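Next come the chains, spelled out residue by residue.
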2 protein chains.
Amino acid sequence: MEPENPPEPSQDSVSLLKRLAGPSSTKAGLTHDQTAINRIIAEASKGSKFYENEKRKDKELSERIAKILKQRDEALQGVDIRPIERNTDHLLEELESQRDLSQIVVHVDMDAFYCSVELLDDPSLQGKPFAVGGGVLSTASYEARKFGARSGMATFVAKKLCPDLILLKSNFERYSEMSDKVMDIFERYDPTMLAAGCDEGYLNITKYCEEHMVDADTCVQEIRDTVFRETSLTVSAGIAPNKMLAKICSDKNKPNGQYHLPFDRASIKAFMHDLSIRKVPGVGRVNERLLEALGIKTCGDIFKHRATLQLMDKQFGLVFLLRTYLGIASNVVQPIQREEKKSIGAESNKTQILRKLEEVAGELEDDMVRGGWTGKTVTLKFKLDTFQVFTRAKSFDRWVSSKKEDLFAIGKELLLPELPLTLRLIGLRVTKLKDLHAPEPLGGIKRFFEPANSSPRKRPRLASNTEDCNDEEHDTGEDHESMPGFYEEEENAEGRGFDAPDNEEQIHISHDSNPPHHERRIRPPVSAPGPSRSRPSDSPFSATTSKPMSARQGDRVRHQDCPICGKLLETDNKGLNAHIDFCLSRNVIMEAQTDAQSTPKNPKKSKDLVLSWPSSVKGKRKQKG
Amino acid sequence: MEPENPPEPSQDSVSLLKRLAGPSSTKAGLTHDQTAINRIIAEASKGSKFYENEKRKDKELSERIAKILKQRDEALQGVDIRPIERNTDHLLEELESQRDLSQIVVHVDMDAFYCSVELLDDPSLQGKPFAVGGGVLSTASYEARKFGARSGMATFVAKKLCPDLILLKSNFERYSEMSDKVMDIFERYDPTMLAAGCDEGYLNITKYCEEHMVDADTCVQEIRDTVFRETSLTVSAGIAPNKMLAKICSDKNKPNGQYHLPFDRASIKAFMHDLSIRKVPGVGRVNERLLEALGIKTCGDIFKHRATLQLMDKQFGLVFLLRTYLGIASNVVQPIQREEKKSIGAESNKTQILRKLEEVAGELEDDMVRGGWTGKTVTLKFKLDTFQVFTRAKSFDRWVSSKKEDLFAIGKELLLPELPLTLRLIGLRVTKLKDLHAPEPLGGIKRFFEPANSSPRKRPRLASNTEDCNDEEHDTGEDHESMPGFYEEEENAEGRGFDAPDNEEQIHISHDSNPPHHERRIRPPVSAPGPSRSRPSDSPFSATTSKPMSARQGDRVRHQDCPICGKLLETDNKGLNAHIDFCLSRNVIMEAQTDAQSTPKNPKKSKDLVLSWPSSVKGKRKQKG
DNA sequence: TACCATAAA
DNA sequence: TACTTTTATGGTA
DNA sequence: GAGCAAAGC
DNA sequence: TACTGCTTTGCTC
Ligand SMILES: Nc1ncnc2c1ncn2[C@H]1C[C@H](O)[C@@H](COP(=O)(O)OP(=O)(O)OP(=O)(O)O)O1
Ligand SMILES: Nc1ncnc2c1ncn2[C@H]1C[C@H](O)[C@@H](COP(=O)(O)OP(=O)(O)OP(=O)(O)O)O1
Ligand SMILES: [Mg+2]
Ligand SMILES: [Mg+2]
Ligand SMILES: [Mg+2]
Ligand SMILES: [Mg+2]
């Protein structure tokens, strides 16, 4: 802990050291001072291809930062910052005016989930440092975390940090089973809960508390007690007025604790003031570094640099950051709206390319058939021995069949022109999905034989790091009798009954060159991203495959208020973001502010008047004529 | 001419006076001092609903300007303008470096076209003030223009200005005929000419001049001589290195003259310096006023206010204006790329609503059948007695039939919920067109009986202002035997042969309220906009209908260079504009400049390397590894 | 649409 | 010796 | 996709 | 007494 290793300071830059620590270096249960651990991690990796790749990425990021700083200096050149800050302050006022403290949102998250489940099955692990995973840890017990072991860390590195670490193989069926149990309990307290991952979810307990005459703390304690009583698993929870805060709070007293953020403006601002920006969902390690370069480490720093952020809105997403500074975010808690899974895929490492490609095609077939999915585009993903990742995709105007041979053929088509390559991973993914299990629109008479598993619940998979542990239950490929290479078209069905003769594959494969960097601006994740699960229609675990879990993101709402002008937008997030740009560019802030004075709240109206009448005509005439 | 009308200055603001003068107040042949004329025009209109509407629009525009000025002042508040100007200057250098003086572009435009054709048929009109039109003038002879009469002016106003004005009804067949003749002549000098309107076009005569060993002036003189010899019509021309300049120049020596702008940077800059911004194609009366409010009246003023424009890029389209300042624009001359007409419609004034709606449905049927078009969306347009214009549209997933009854029914459906209304005009338009004459993709065996007129040439219509002159040749509606309400689907044909049962019209009619103002930024018109015609596949005149002409816009190219970073973009204008925003936002200007020093020209490359190989993989590995 | 980067469990 | 898997989103060409 | 503003002939 | 008809584009929701 003292500065006594000056001879070999291993030359690594601070940023690289941090980068090598991995993306989950902010997990609960870790030691406060990570510098010693980080040095060991770096030492262990040094010289490997992985290390070189991280170095490259670090360099690229540093260059990107340099560019941004140059741009900032350019923009600030001789500019009087005061009026800009005043402008931002107006915007802050407007945002503040939309704070909603009326809903009690809870984020619940199981403690060291996989490990805790393993502990149930082998109580002798109690108190020992252990972890679940293969070559890489899925998660680690809190004892192991004390040594620095954590999700995503290479096992051999973890062993260096913690020589006594016990490594367990994963049992996804068990995790899935327990996940279901826990989710069912959560659901009792909020039937519209949002399952945001295999081991976590958001609950709006406002109604429950009212109806049962209990306060939030009691209610949450009861939830956690119930979970423990019925499953012997511990869960932590955060209580706050919105999802972002609740999620941050659930981490605060981990493990097996809960934290209730006071529901008033002052407490929230105080809470945010010293909170690391990295804790905010949506800010990962890249954006953490970008913001740090501007001098922003805590959420409180956002305010200090608001002028810079205003000028650099394109890069940094001003509105998101200001709302974060205020501790304002979505408090909508509802299950996934659009019943659409977006993609399904399979990957495999240690590849001998074509052999492995065929394998993943097989796995993908299993998952597609089992889940009842088909899709329109197939994406090949491959990671070079240098750890660089690439994708190659092909879209069809038909639903691709889930037959292993067809998937393999498509994959090959995508892969062959790239050869020769030395790969360390290869994967296939199908997107533009269609749910074959969904109640078909009563189209043709259609298959009486469902592909398999006619359960109405879709059962996506868990993310596994089982690295070649061939425990798939020997697919005795039998019953499914799909079409040659494609399913039949079911949408836009109309017109001729025979095959159109213009079928020469108007299909395009493109080869974009790697664009430099894209300086995305930071945007709030629609909900907590990551392998999430949605309720009640879905379970995140594959029922049969020994593979980990799939993702589903929340807040897929149809309409939301613009945080700036307050207007009710009927659009998705993309549209909302475009609209926010528009508002900002028009400086609607100013107007909104004056508006806000005359009409303190609830800027929506007129919609009723608009309904069945030429709104414009009537409105204009009445107002002006 | 002296200031001697102080008693009744008619209280109109200057802007309103100018607005009442109409959009074509900058035409050639008009007196220099228009103030007296403008006063008469205003006098004549005063008190009418038209006048009130113009006043309203003027007020709205004034408010919009006030807002923008406020925004400008906000943005300039205490800002040091110098670094911004330096930045803009870099951008100007980059833009300048892309100037291309190698192509000789000519814009040819018939003089007082409709009038000149009338003159052929009635030589007694020679030297007299006359015009073509109905209640509104389509165009006026140069004699009439001396009095202030011009396109778009109400006839009764023109009569006030010029009591002896002779008014002629339009003869579109004649104009069409002469248009074809003239275009054929133009085509001899550039087979890839771009017909940009019924009486004008762009020619690239570089090749012709080389091959025939003539200079541009001689060549253009020859063109004009030929036109006059073969048609007795006079044509004016502009010779310049790009389309924008050529178009401006063709107006310079109108009528019956030509102007050759010297092909060097200095001359061009001098030419631009005092040129009214209003002469620039794409800048109409609204943007003229907006720019004027910033102090920009001439193209030279753009430079003076470049810092402001940089800050207000969103409103004003910095790049377009800077290029304009430099006199740089597209020099691509080629006929329309995508063989797609975009819409077809019919309107009629003095409406008794449903009666008239039925009439326009009939006219539309004629035009659709004659032209061989069908489409997917139908738009109803109506103008209130207050001159406010509204549209109501409905889209289908099938091709709408062109039968009068069907069009009428759709129109009624759109109109009825709006009633009661007092209208002064009603119209129907079909968009998302499909060309029934085009060689069908050999789909089903399909109709042997083409709807009518199996000519391979599409013959859209001219814009008429014939206001109820019932000279339609009594539609003896006979032969076409189309489907109930729709044509059969021909695209995406696949799947079941019987009608899908889920056919409950998933069609949406929406009622947006009138959004306030949209502050579009100024952008270059892809070519000269307006009722244009494309060659060689199309004639702009309806062969049979006594109606005026249809439009087609040019420069619909597949790929173009980004004027900032120089990259070759494979995208349409929309994409290009988005990319320009991106470039600007990233301040690529700076880099581009340094780039330009190392690679003076031709920034495109690498594309060849990218082709069949994982560009990214290879490239990165070679460069970095 | 294709491809990449970022984020998350 | 050795550094995951799965899903989602947003931005650009 | 729907609606509107702007531009041009 | 009385102020066009037609087409395209770009932008927002
Ligand atoms: N990077 C990863 N790769 C694979 N699986 C992961 C990864 N991160 C998390 N998981 C799996 C294993 C975890 O037990 C489970 C839940 O994740 P998470 O809630 O973030 O951590 P945790 O539940 O293990 O510990 P904590 O107590 O911090 O919540 O998801
Ligand atoms: N506003 C309008 N409404 C209807 N038709 C128009 C309108 N403007 C122009 N036209 C028709 C009539 C014109 O003769 C023809 C060509 O337009 P244009 O070239 O702009 O003017 P022009 O040829 O009549 O005179 P000029 O000598 O100025 O070119 O298009
Ligand atoms: Mg957890
Ligand atoms: Mg979790
Ligand atoms: Mg003309
Ligand atoms: Mg013309």
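Going by the structure above, here's the rest.
Thresholds applied
Residues numbered from 1 in each chain as written. Chains lettered and ligands numbered in written order. Predicted model: local features only at pLDDT ≥ 70, side-chain atom pairs only at ≥ 80, totals over all residues. Heavy atoms only, no water. Helix = DSSP H or I, 4+ residues; strand = E, 2+ residues; numbered from the N terminus. Buried < 20%, exposed > 50% of the residue type's maximum accessible area, 1.4 Å probe, protein only. Contact = heavy atoms within 4.5 Å. Areas by Shrake-Rupley, 256 points an atom, 1.4 Å probe, with all protein chains shown as cover. Phe/Tyr/Trp six-rings, centres within 6.5 Å; stacked < 30°, edge-to-face > 60°. Lys NZ or Arg CZ within 6 Å of the ring centre and 35° of its normal. Donors = N, O, S within 2.8 Å, 3.2 Å for Na, K, Ca; no water. Pairing = 2+ DSSP bridges. Axes fitted to C-alpha atoms, helices over the stretch in contact; angles between N-to-C directions. Tetrahedral: all angles 85-135°; square planar, octahedral: opposite > 155°, others 65-115°. Parallel < 35°, antiparallel > 145°, perpendicular 65-115°, else oblique. Left-handed = near helix turned anticlockwise from the far one by under 90°. Nonpolar A, V, L, I, M, F, W, Y, C, P; charged D, E, K, R; others polar. Near = heavy atom within 4 Å. Polar contact = N/O pair within 3.5 Å; in protein donor to acceptor, adjacent residues only side chain to side chain. Salt bridge = Lys/Arg side-chain N within 4 Å of Asp/Glu carboxyl O.

Visitor: Explanation requested: the overall build of chain A in the structure shown.
Guide: Within chain A one finds 23 helices and 16 strands. A burial count over chain A gives 51% of its 625 residues as buried. In chain A, of all internal contacts separated by at least 6 residues, the share reaching a separation of at least 24 is 72%. For chain A, the computed accessible surface area is about 29000 Å², with 53% contributed by carbon and sulfur atoms.

Visitor: I tried to follow the packing of aromatic side chains on my own but got confused; where do I start?
Guide: Aromatic ring pairs are reported here in terms of the distance separating the ring centres and the angle at which the planes meet. Scanning the model with the defined rule gives 18 aromatic pairs over all chains in all. For the ring pair Tyr114 of chain B and Tyr175 of chain B, a centre distance of 4.2 Å and an interplane angle of 10 degrees mean the geometry is stacked. Note that Tyr114 of chain B is positioned in helix α5 (residues 113–121) and Tyr175 of chain B in helix α8 (residues 172–189), a separation of 61 residues in sequence. Each member of the pair, Tyr114 of chain B as well as Tyr175 of chain B, is classed as buried. A centroid spacing of 4.8 Å and a plane angle of 50 degrees characterise the contact between Tyr189 of chain B and Tyr208 of chain B, whose relative ring orientation is tilted. Of this pair, Tyr189 of chain B sits in helix α8 while Tyr208 of chain B sits in helix α9 (residues 206–212), placing them 19 residues apart in sequence. The two residues Tyr189 of chain B and Tyr208 of chain B agree in class, both being buried. Three or more aromatic residues link up through ring pairs in this structure, and these residues are Phe113, Tyr114, Phe172 and Tyr175 of chain A. Note that Lys252 of chain A overlies the ring of Tyr259 of chain A, its terminal NZ or CZ placed 5.4 Å from the centroid. In this structure, Arg145 of chain B is placed above the aromatic ring of Tyr142 of chain B, and the distance from its NZ or CZ to the ring centre is 4.2 Å.

Visitor: Where do I start with the coordination of the magnesium ion (ligand 6) in this structure?
Guide: Geometry reference: four tetrahedral donors at a metal, ideal angle 109.5 degrees. Six octahedral donors, ideal angles 90 or 180 degrees. Residue and element names in this part refer to chain B. Surrounding the magnesium ion (ligand 6) are the protein donor atoms Asp109 (OD), Asp199 (OD) and Glu200 (OE), at 2.2 to 2.3 Å. The motif formed by the donor residues of the magnesium ion (ligand 6), counted along the single chain, is D-x89-D-E. A distance of 3.4 Å spans the gap from the magnesium ion (ligand 6) to the magnesium ion (ligand 5), which Asp109 bridges by coordinating each metal. Pair noted here: Asp109 is in strand β1 (residues 105–110) and Asp199 is in the loop between β5 (194–197) and β6 (200–204), with a separation of 90 residues, a long-range link. Neither Asp109 nor Asp199 differs from the other in exposure class; each is buried.

Visitor: Hey, could you run me through the sheet that holds strand β4 (residues 166–168) of chain A in this one?
Guide: Strand-to-strand pairing in sheets goes through backbone hydrogen bonds, with the strands running parallel or antiparallel. Residues and elements named next belong to chain A. On the basis of which strands lie adjacent, the open sheet formed by three strands has the order β3-β2-β4 and mixed pairing. The open sheet terminates on both sides in strands that have one partner only, identified here as β3 (137–140) and β4. Neighbouring strand axes in the sheet, compared pairwise and without regard to direction, differ in orientation by 30 degrees on average. Contacts between helix α5 (residues 113–121) and the sheet are confined to β2 (130–133), β3 and β4, with β2 contributing the most and set at about 110 degrees to the helix.

Visitor: I keep staring at the coordination of the magnesium ion (ligand 5) and nothing clicks. Help me out?
Guide: Residues and elements named next belong to chain B. Surrounding the magnesium ion (ligand 5) are the protein donor atoms Asp109 (OD), Met110 (O) and Asp199 (OD), which sit 1.9 to 2.3 Å from the metal. Viewed at the metal, the six donor atoms of the magnesium ion (ligand 5) are separated by angles of 79 to 177 degrees, and the geometry they form is octahedral. One chain supplies every donor to the magnesium ion (ligand 5), and in sequence these donors are spaced D-M-x88-D. Here Asp109 falls in the buried class, since its relative accessible area comes to 10%.

Visitor: What's the story with the packing of helix α8 (residues 172–189) of chain A against helix α10 (residues 216–231) of chain A in this structure? I'm lost.
Guide: The angle between the axes and the distance between the axes are what describe a pair of packed helices. All names here are of chain A. The geometry of α8 relative to α10 is characterised by a closest axis approach of 10 Å and an angle of 150 degrees between their N-to-C directions. If you check the angle between α8 and α10, you find them roughly antiparallel. For α8 against α10, the interelement crossing comes out right-handed. Counted together, Met178, Lys181, Val182, Ile185, Phe186, Arg188 and Tyr189 of α8 and Cys219, Glu222, Ile223, Thr226, Val227, Glu230 and Thr231 of α10 form the full contact between these two elements. Partitioned by chemical class, the residues of the contact of α8 with α10 number eight nonpolar, two polar and four charged.

Visitor: Teacher, can you tell me more about the environment of Phe172 of chain B here?
Guide: All names here are of chain B. Mapped onto the elements, Phe172 comes out in helix α8. Its relative accessible area of 0% is what places Phe172 among the buried residues. Sequence separation between Phe172 and Tyr114 is 58 residues; the distance between their C-alpha atoms is 8.6 Å.

Visitor: Explain the site of ligand 1 to me, please; I cannot follow it from the model alone.
Guide: Residue and element names in this part refer to chain A. Residues in close proximity to ligand 1 total 14 residues, the closest being Lys27, Asp109, Thr139, Tyr142 and Arg145. Here Arg145 contributes a side-chain N or O atom positioned 2.7 Å from an oxygen atom of ligand 1. Within the complex, the protein chains bury 79% of what would otherwise be the 570 Å² of accessible surface of ligand 1. Mapped by element, the contributors of at least two residues to the shell around ligand 1 are β1 (105–110), α5, β3 and α6 (142–146).

Visitor: Looking at this structure, I do not really get the sheet that holds β6 of chain B. What am I missing?
Guide: Residues and elements named next belong to chain B. With respect to topology, five strands assemble into an open sheet ordered β5-β6-β1-β7-β8, the strand pairing being mixed. Edge positions in the sheet fall to β5 and β8 (258–260), since each has one partner strand and no second. Between one strand axis and the next, the sheet turns through 15 degrees on average, direction left out of account. As paired strands, β1 and β6 are joined by five bridges and run antiparallel to one another. By the bridge assignment for β6, His107 is matched with Tyr202.

Visitor: Got a minute to help me understand the pairing of strand β5 (residues 194–197) of chain A in this structure?
Guide: The side chains of a regular strand alternate between the sheet's two faces. Where β5 of chain A and strand β6 (residues 200–204) of chain A come together, three bridges link them in antiparallel fashion. Considered in β6 of chain A, the bridge of Leu194 of chain A is made with Tyr202 of chain A.

Visitor: So what exactly am I meant to see when it comes to the site of ligand 2 here?
Guide: Residues and elements named next belong to chain B. Near ligand 2, the surroundings consist of 14 residues, among which Lys27, Asp109, Thr139, Tyr142 and Arg145 are the closest. Contact between ligand 2 and Tyr114: an oxygen atom at 3.2 Å from a main-chain N or O atom of the residue. Between Lys254 and ligand 2, the recorded distance is 3.1 Å, taken from a side-chain N or O atom to an oxygen atom. Relative to its unbound accessible surface of 580 Å², ligand 2 loses 77% to contact with the protein. Elements represented by at least two residues in the shell around ligand 2 include exactly β1, α5, β3 (137–140) and α6 (142–146).

Visitor: Help me understand the environment of Gly47 of chain A in this model?
Guide: With respect to the helices and strands, the residue Gly47 of chain A is situated in the loop between α2 (35–45) and α3 (49–76). Between the alpha carbons of Gly47 of chain A and Thr35 of chain A there is a distance of 20 Å; along the sequence they are twelve residues apart.

Visitor: Would you explain the side chain of Glu96 of chain A in this entry?
Guide: Residue and element names in this part refer to chain A. Among the secondary structure elements, Glu96 is positioned in helix α4 (residues 81–96). A relative accessible area of 17% places Glu96 in the buried class. A polar contact is formed between the side chain of Glu96 and the side chain of Arg99, at a distance of 2.8 Å. Beyond its immediate sequence surroundings of up to four residues, Glu96 is in contact with Arg265, Leu326 and Ile328.

Visitor: Where do I start with the pattern of salt bridges in this structure?
Guide: A pair can form between side chains of opposite charge whenever their charged atoms are brought close. Under the counting rule described, the total for this entry stands at 52 salt bridges over all chains. A salt bridge links Asp58 of chain A to Arg289 of chain A; the nearest nitrogen and oxygen atoms lie 2.9 Å apart. Of this pair, Asp58 of chain A sits in helix α3 while Arg289 of chain A sits in helix α13 (residues 285–293), and the two are 231 residues apart along the sequence. The exposure classification of Asp58 of chain A matches that of Arg289 of chain A, with both residues buried. Between Arg56 of chain B and Glu60 of chain B there is a salt bridge; the shortest N-O distance is 3.0 Å. Highlighted residues: Arg56 of chain B and Glu60 of chain B, both in helix α3 (residues 49–76), separated by four residues, approximately one helical turn. Its relative accessible area of 21% is what places Arg56 of chain B among the partly exposed residues. Sharing partners across several salt bridges, the network here consists of Lys18, Arg278 and Glu288 of chain A.

Visitor: Sorry, what's going on with the packing of helix α4 (residues 81–96) of chain B against helix α17 (residues 318–326) of chain B here?
Guide: All names here are of chain B. Contact pair α4 / α17: the axes reach a minimum separation of 10 Å and the direction vectors enclose 60 degrees. Judged by the sense of rotation from one axis to the other, the crossing of α4 with α17 is right-handed. When α4 is examined against α17, the residues Thr88, Leu91, Leu92, Leu95 and Glu96 are found in contact with a partner set consisting of Leu318, Val319, Leu322, Arg323, Tyr325 and Leu326. Class assignment of the residues belonging to the contact of α4 with α17 gives a composition of eight nonpolar, one polar and two charged.

Visitor: Looking at this model, I keep getting lost on unusual backbone geometry. Mind explaining?
Guide: Most peptide bonds take the trans configuration, and most residues that are not glycine carry a negative phi. Residues and elements named next belong to chain A. Following Leu419, the chain continues into Pro420 via a peptide bond in cis, with omega recorded as 0 degrees. Residue placement: Pro420 occurs in the loop between α19 (404–415) and β13 (423–431). One non-glycine residue, Ser232, lies in the positive phi region at around 65 degrees. Relative to the assigned elements, Ser232 resides in the loop between α10 and β7 (235–240).

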